[in-house]
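Each chain is listed here by its residues.
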Amino acid sequence: DPKEVLFKFMVKFFPVDPGHLREELTRYLFTLQIKKDLALGRLPCSDKSAALLVSHLLQSSPRSLTHALPVSPDEQHLATHRYLPNQEYLDNKIMHYHRRHGGKTQAESDVQLLDVARKLEMYGIRPHPASDGEGMQINLAVTHMGGLVLRGNTKINTFNWSKIRKLSFKRKHFLIKLHANIAALCKDTLEFTMASRDACKAFWKTCVEYHAFFRLSEEPKSKPKALLCSKGSSFRYSGRTQRQLLEHGRKAKMKSLPFERKHYTSRYDERQCRSSPDLLTDVSKQV
C-alpha cells in the first residue's frame, strides 16, 4: 500500500545539503521525516524555527492547493492537526509565517522547509543515552562528519572521522580509539557506558554505516567468513555510498516520475504528542 510506505518511511542518512536531492518525490519523503520528527519532539529547535517549519508544512500539505481560500480554513486545519507537541502556544506565530507563503507551490515549500531544517543545530542528530568515565549522563550521536558527545542539546566534544582510528564495543562499553597525534593531547581511548550491550552494538552499527556512506568512495567489500569461528562482529555497510549516489544522479538521464499528494490521517501516537512548552527547546528534560 503506497500510503503505508510513506508513513513508515524512515530516513537513515540525512544529506548535508538537501539541495542535492533532485527528485520532488525524494524531497517530499524527507519532509515527511521532518514532519514526523517535529510531531514526536525529536527535532529540538527554537519556537521561531518550529513555527517556520510548520508554516511550510502547512503550505505543502494537499489541502493548501487552493491559495484563494481565506485564512480561516488554514486555522481550522491547524486546530485539528498536531504538528508540534506545544503547538497551541505557537498557532499565531505559525499563521504569521504561513501568510507569507501565499502562491508557493508544494514543491517550493518542500525545498524551503528542508533548507530551514538543515541549518538547525540538531538536524539529522539522533541522541543515544550514555555516561562518560566520570559517570556523567551524556548523549552520543553520529553525523556525516564523525561522532558527537552532547550534554542536553549542547555539543561538548566532536570527533571527526580523520581523528578516529577505530570504533568498537565491549559488552555495554563503547570505545573510541584516536590516532596517535590526537591521543598526545588526551587519552588514546575514550570509553562510554550505554544502557546495554544491544544498545551499544546498535549505536556501533550506526557509526559503521555513517562512516561508510559519507566517508568512503564506494561500497565496502565484505570479508570472507571464517570456517570455524570468528571474533567480533562481521557487520558491514551494504549499499551505495553518498558519492556513488551523487555520481549516479549526474550520469543518469531518467525522467522524474510524477506523483500525486493525497492527505492521509496522521498515524502519530497522540500520547507522544502531549503539550509541553519545553519539549522543543530543552531535550535534557525529555523522558
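Above this text sits the structure in question.
Attention in this report is confined to the structure presented alongside it. (Residues numbered from 1 in each chain as written. Predicted model: local features only at pLDDT ≥ 70, side-chain atom pairs only at ≥ 80, totals over all residues. Heavy atoms only, no water.)

## Some thoughts on the overall build of the protein
Counting its secondary structure elements, the protein contains 9 helices and 7 strands. Residues classed as buried in the protein amount to 39% of the 287 residues present. For the protein, the share of sequence-separated contacts (at least 6 apart) that also reach a separation of at least 24 residues comes to 60%. As displayed, the protein offers around 17100 Å² of accessible surface, 52% of which is attributable to carbon and sulfur atoms. (Helix = DSSP H or I, 4+ residues; strand = E, 2+ residues; numbered from the N terminus. Buried < 20%, exposed > 50% of the residue type's maximum accessible area, 1.4 Å probe, protein only. Contact = heavy atoms within 4.5 Å. Areas by Shrake-Rupley, 256 points an atom, 1.4 Å probe, with all protein chains shown as cover.)

## Digging into the side chain of Ser 60
Tracing the backbone shows Ser 60 in helix H3 (residues 47-60). Judged by relative accessible area, which is 8%, Ser 60 ranks as buried. A distance of 3.2 Å separates a polar side-chain atom of Ser 60 from the backbone oxygen of Leu 57. The residues touching Ser 60, leaving out its near neighbours within four places in the chain, are Gln 106, Ser 109, Asp 110 and Arg 261. (Polar contact = N/O pair within 3.5 Å; in protein donor to acceptor, adjacent residues only side chain to side chain.)

## Here's the deal with the pattern of salt bridges
Tallying each qualifying case throughout the model produces 9 salt bridges. Here Glu 209 and Lys 12 are joined by a salt bridge, their closest N and O atoms 3.2 Å apart. One end of the pair, Glu 209, is in helix H8 (residues 197-215); the other, Lys 12, is in the loop between helix H1 (2-8) and helix H2 (24-39), with 197 residues separating them in the sequence. Each of Asp 17, Asp 115, Arg 118 and Lys 119 takes part in a single network of salt bridges with overlapping partners. (Salt bridge = Lys/Arg side-chain N within 4 Å of Asp/Glu carboxyl O.)

## Some points on the nonpolar core
Counting residues in hydrophobic clusters, the biggest one holds 53 residues, and the most contacted among them are Ile 34, Leu 38, Leu 140, Phe 174 and Ile 176. Looking at this core, the element that brings in the most residues is H8, giving 8 residues. Each of domain 1 (18-118) and domain 2 (128-220 + 232-245) contributes no fewer than three residues to this core. Residues contacting Leu 140, with those up to four places away along its chain left out, are Arg 126, Pro 127, His 128, Ala 130, Leu 148, Val 149, Leu 150, Phe 174, Phe 192, Met 194 and Phe 203. Of all hydrophobic cores here, the second largest spans 5 residues; its members include Met 122, Ala 141, Leu 148 and Leu 150. (Core = buried A, V, L, I, M, F, W, Y, C linked by side-chain atoms within 4.5 Å. Domains from an automatic or database assignment.)

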